[in-house]
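So you can see what is in the structure, the chains are spelled out below.
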Amino acid sequence: MTINHGGDLSEDYFIAYISLIMNSRGITLEEAKAFTFQRLFQNDEGTLGDLSHKSFMRAYERMAQGAVGA
């Protein structure tokens, strides 16, 4: 998936990305969260901006609550 560094990434983007990582690697949601945070954010919340990080966290929380099918 391509990242546009000029704009904020949406919650739906992160849901799709995390789901893709989980399905392609056969890993848990927690592992996919850690992988995504390292890969996209380089373990720094500010890398893609505050709004993108908030979207990432909302996406993870929705997935953890089972509000989204993986």
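Please refer to the structure higher up on the page.
Here's a quick rundown of the structure. (Residues numbered from 1 in each chain as written. Predicted model: local features only at pLDDT ≥ 70, side-chain atom pairs only at ≥ 80, totals over all residues. Heavy atoms only, no water.)

1. Let's talk about the packing of helix H1 (residues 11-25) against helix H3 (residues 50-64)
So, point 1. Viewed as axis vectors pointing N to C, H1 and H3 meet at an angle of 55°, and their least axial separation amounts to 8 Å. Taken together, H1 and H3 sit at an angle that is classed as oblique. You can see that H1 and H3 cross each other, and the crossing is right-handed. Of the residues in H3, those touching H1 at Glu11, Asp12, Phe14, Ile15, Ile18, Ser19 and Met22 are Ser52, Ser55, Phe56, Arg58, Ala59, Arg62 and Met63.
So, point 2. Here the contact of H1 with H3 is built from residues that sort into seven nonpolar, three polar and four charged. (Axes fitted to C-alpha atoms, helices over the stretch in contact; angles between N-to-C directions. Helix = DSSP H or I, 4+ residues; strand = E, 2+ residues; numbered from the N terminus. Parallel < 35°, antiparallel > 145°, perpendicular 65-115°, else oblique. Left-handed = near helix turned anticlockwise from the far one by under 90°. Contact = heavy atoms within 4.5 Å. Nonpolar A, V, L, I, M, F, W, Y, C, P; charged D, E, K, R; others polar.)

2. Notes on the packing of helix H2 (residues 29-41) against H3
So, point 1. Running from N to C, H2 and H3 point in directions that differ by 170°, and their axes come no closer than 11 Å. Classed by the angle they form, the pair H2 and H3 counts as roughly antiparallel. Residues Leu29, Glu30, Lys33, Thr36, Phe37 and Phe41 of H2 form the contact with H3, whose participating residues are Ser52, His53, Phe56, Met57, Tyr60, Met63 and Ala64.
So, point 2. Among the residues forming the contact of H2 with H3, the class breakdown is eight nonpolar, three polar and two charged.

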